[in-house]
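Residue-level structure breakdown
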Amino acid sequence: MSTTMTDEKAEFITRVEELAYELKIEAVMTHDPEVVDPRVQMKDVLELFREKRISGAPVVSDGRLVGIISIEDLIRALRDLGRRELSAAVADYMSRETITVNSFDSIIEALKLFAKTKVGRLPVIDRKKQLVGIITKGDITRGLLDALQHDYQAEEVIRYRASHLFEDI
C-alpha cells in the first residue's frame, strides 16, 4: 500500500490531522507532574492518586527517571498483598522500562506510541533527557479541542470583520 501523498488524498486531511503534526507535545502535556520515589510505599501511592485524581506517575530517583507507576500496578499490589497493608515499595511494582517522548516532537509521535504500546501515559523529556512532563491521551484531546476552539474564534473574528466592512465604508 502506497503512503505517498497525492492531491486527491490531501483534500481529505482534516484540521485535526493537521494539528496532530503542528502542535508540539510541550504545548499539551502536563508540566511538572507528580513524581514518586521508588522507596515510597504503595499505600502512599494510593493516597497520592486519590488526592491528585491521577492514574499514574513517573518514578524518579536522584533526579533521574527510573520507571512509571500506574493504577494497574496499584491493583496488582492490592491483589498480591491481599488484606495486608500496602507496605511494599514502589520499586517492587513499577514498570522499569519506560517509553518516553520528546517535548519538542509533534503530538503525532505520542499518538503513534500510544497506538503501538497501549500505555496510558508517557513521560516527556527535554533535549537534556530530563523529565519535564507527562502526556496522556486526555491531554492530547484537550490540546486539540483548545486549538480547534482557537481556530473557530479566529474564523468568527474574520467573518465579523468581513460582514461589517461594508457598513464601515
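Everything numeric in this text was worked out from a predicted model, so none of it was measured.

On to unusual backbone geometry. Notably, arginine 53 is not glycine yet its phi reads approximately 55°, a positive angle. Turning to its location among the elements, arginine 53 is positioned in the loop between helix 4 (42-52) and strand 2 (56-61). Positive phi is not limited to glycine here, since aspartate 62 has a value of about 50°. Along the chain, aspartate 62 turns up in the loop between strand 2 and strand 3 (64-70).

Take leucine 81: it is sitting in helix 5 (residues 71-81). Non-local contacts of leucine 81, meaning those with residues more than four positions away in its chain, are made with Leu86, Ser87, Ala88 and Tyr93.

Moving on, we get to the pairing of strand 2. Of all six residues making up strand 2, six are buried, and the element is well covered by its neighbours. Alignment of strand 2 against strand 3, held across six bridges, turns out to be antiparallel. Along strand 3, the bridge assignment pairs valine 60 with leucine 65. Connecting the antiparallel pair strand 2 and strand 3 is a turn made up of two residues, with aspartate 62 showing a positive phi of about 50°.

The subject of this paragraph is the pattern of salt bridges. All told, the structure shown has seven salt bridges when counted by the stated rule. Close ionic contact of glutamate 34 with lysine 52 constitutes a salt bridge, the shortest N to O distance being 3.8 Å. With glutamate 34 in the loop between strand 1 (30-31) and helix 4 and lysine 52 in helix 4, this residue pair connects regions lying 18 residues apart in the sequence. Its salt-bridge partner being aspartate 80, residue arginine 79 comes within 3.2 Å of it at the nearest N-O pair.

This part covers the side chain of aspartate 37. Considering the arrangement of structural elements, one finds aspartate 37 in the loop between strand 1 and helix 4. Those residues within four positions of aspartate 37 in sequence are excluded, and the remaining contacts are Val59, Val60 and Val90.

Running from N to C, helix 2 (residues 15-22) and helix 6 (residues 107-117) point in directions that differ by 100°, and their axes come no closer than 5 Å. Accordingly, the angle class assigned to the pair helix 2 and helix 6 is roughly perpendicular. Here helix 2 contributes Leu19, Ala20 and Tyr21 to the contact with helix 6, which in turn contributes Ile107, Ile108 and Leu111. Here the contact of helix 2 with helix 6 is composed, by residue class, of six nonpolar, no polar and no charged.

Glancing now at the environment of alanine 77. As for its placement among the helices and strands, alanine 77 is situated in helix 5. Alanine 77 gets classed as buried once you look at its relative accessible area, which sits at 0%. C-alpha of alanine 77 to C-alpha of lysine 43: the two residues are 34 residues apart in sequence and 9.6 Å apart in space.

Counted residue by residue, strand 5 (residues 121-125) has five buried out of five residues, so it is predominantly covered. Residue alternation in strand 5 divides its side chains into two sets, Arg121, Pro123 and Ile125 and Leu122 and Val124, and both sets are buried. Across two bridges, the pairing between strand 4 (residues 101-102) and strand 5 is parallel. Within strand 5, the position partnered with valine 101 by the bridge is valine 124. Where strand 5 folds back on strand 6 (residues 131-136), the antiparallel hairpin that results is connected by five residues, among which lysine 129 adopts a positive phi of roughly 65°.

Cut-offs and rules
Residues numbered from 1 in each chain as written. Predicted model: local features only at pLDDT ≥ 70, side-chain atom pairs only at ≥ 80, totals over all residues. Heavy atoms only, no water. Helix = DSSP H or I, 4+ residues; strand = E, 2+ residues; numbered from the N terminus. Contact = heavy atoms within 4.5 Å. Buried < 20%, exposed > 50% of the residue type's maximum accessible area, 1.4 Å probe, protein only. Pairing = 2+ DSSP bridges. Salt bridge = Lys/Arg side-chain N within 4 Å of Asp/Glu carboxyl O. Axes fitted to C-alpha atoms, helices over the stretch in contact; angles between N-to-C directions. Parallel < 35°, antiparallel > 145°, perpendicular 65-115°, else oblique. Nonpolar A, V, L, I, M, F, W, Y, C, P; charged D, E, K, R; others polar.

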